Amino acid sequence: MDSRLSERQNDILARIGARGAQQIDRLAQDYGLTTQSIRRDINVLCALGLARRLHGGVDLPVLPQNTSISARAGLHEAAKRLIAARVAQDIPNGSTVFMGIGTTVRFTAEALRGHAGLTVVTNNVDVALILGEAEGMEMHLVGGVWRPNDRDLVGPEAIRYFERFHATHAVVGAGGLNPTSGALDFSYGEAQITNAILQNSRTRYLAADASKWRGTAAVRVAPFSAFTHFVTDMMPREHDSEVSLAQSGVRVIVCGSPDGD
């Protein structure tokens, strides 16, 4: 949940993310409030850039669109597999692991197939298919709203399912990276899922290749300080990025360097 918002405002955003545009009259009816009260909530959401007004309603803002997961899988594949192998190396047998969406997380699932005794909780259907038949795995696929473009499940039901566990490890990706904002994604629904994963896990891995520094994702997910580890293939040359990461306290693991740090 976004700490800047009231419980109702967070709930309105969740409804929009799961069901699409909402009409003000219907929201007022469902919450038992006047339309003026709902409009005040919407004004707050729009002022923060989290929503946009429609005629008589509200929707999520128009943001750069993510390409399909099938198209993304082949982009920077070698780097993603290197990152995935490094993350999997740190996860011991018997762990409870949250796994989010994205191709790097999917490659991490492939790298985990040889592990024993894992309990995996995910909204990523590809992860469930990869690990669901692996021997000794206990697989939990959350419920929610199906998004075929990303082959995942989002919405309040998915968030509540993650909140039933406290994982030893979490692995999430990102649609973009920013030195000051941290991890970014393409939709508020994705950001909510990732935050639920982070808030209910102990060791938290952000797995993202260097191309994500040039990403167009615009929704803030979490600062680097919300992660215990950031695993990437290389760091950008810009000095600001290195300073921000050092101040955040996250451990940066650059794959392929002599000492792994």
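This is a predicted model, so every value here is computed, not measured. (Residues numbered from 1 in each chain as written. Predicted model: local features only at pLDDT ≥ 70, side-chain atom pairs only at ≥ 80, totals over all residues. Heavy atoms only, no water.)

**Considerations on the pairing of strand S14 (residues 229-232)**
The side chains of a regular strand alternate, first on one face of the sheet and then on the other.
So, point 1. Residue alternation in S14 divides its side chains into two sets, His-229 and Val-231 and Phe-230 and Thr-232, and both sets are buried.
So, point 2. Of the strand pairs in this sheet, strand S12 (residues 201-207) and S14 are connected by three bridges, and their pairing is parallel. Across the sheet, the residue bridging to Tyr-205 is His-229, located in S14.
So, point 3. Alignment of S14 against strand S15 (residues 251-254), held across four bridges, turns out to be parallel. (Buried < 20%, exposed > 50% of the residue type's maximum accessible area, 1.4 Å probe, protein only. Helix = DSSP H or I, 4+ residues; strand = E, 2+ residues; numbered from the N terminus. Pairing = 2+ DSSP bridges.)

**Some details on the confidence of the model for the chain**
So, point 1. Looking at the chain as a whole, the pLDDT averages 87, with 88% of positions reaching at least 70.
So, point 2. This model gives residues 65-69 a pLDDT under 50, and the stretch forms 14 contacts once residues within four places in sequence are excluded.
So, point 3. Of the regions scoring below 50 in pLDDT, residues 257-261 engages in five contacts with residues more than four places distant in sequence or in other chains. (pLDDT = per-residue confidence, 0-100. Contact = heavy atoms within 4.5 Å.)

**Some remarks on the nonpolar core**
So, point 1. Grouped together as the largest cluster of nonpolar side chains are 32 residues, with contacts concentrated most on Phe-162, Leu-177, Leu-206, Phe-224, Phe-227 and Phe-230.
So, point 2. For this core, the secondary-structure elements that each account for two or more residues are strand S8 (152-154), helix H8 (156-162), strand S9 (167-172), helix H9 (188-199) and strand S13 (219-222).
So, point 3. Ranked by residue count, the leading element in this core is H9, at five residues.
So, point 4. Apart from the residues within four sequence positions on either side, Leu-206 is in contact with Val-172, Gly-173, Ala-174, Leu-177, Ala-183, Phe-224, Phe-227, His-229, Phe-230 and Val-231.
So, point 5. The next biggest cluster of nonpolar side chains, apart from the first, holds 22 residues, and it includes Val-97, Leu-112, Val-127 and Ala-207. (Core = buried A, V, L, I, M, F, W, Y, C linked by side-chain atoms within 4.5 Å.)

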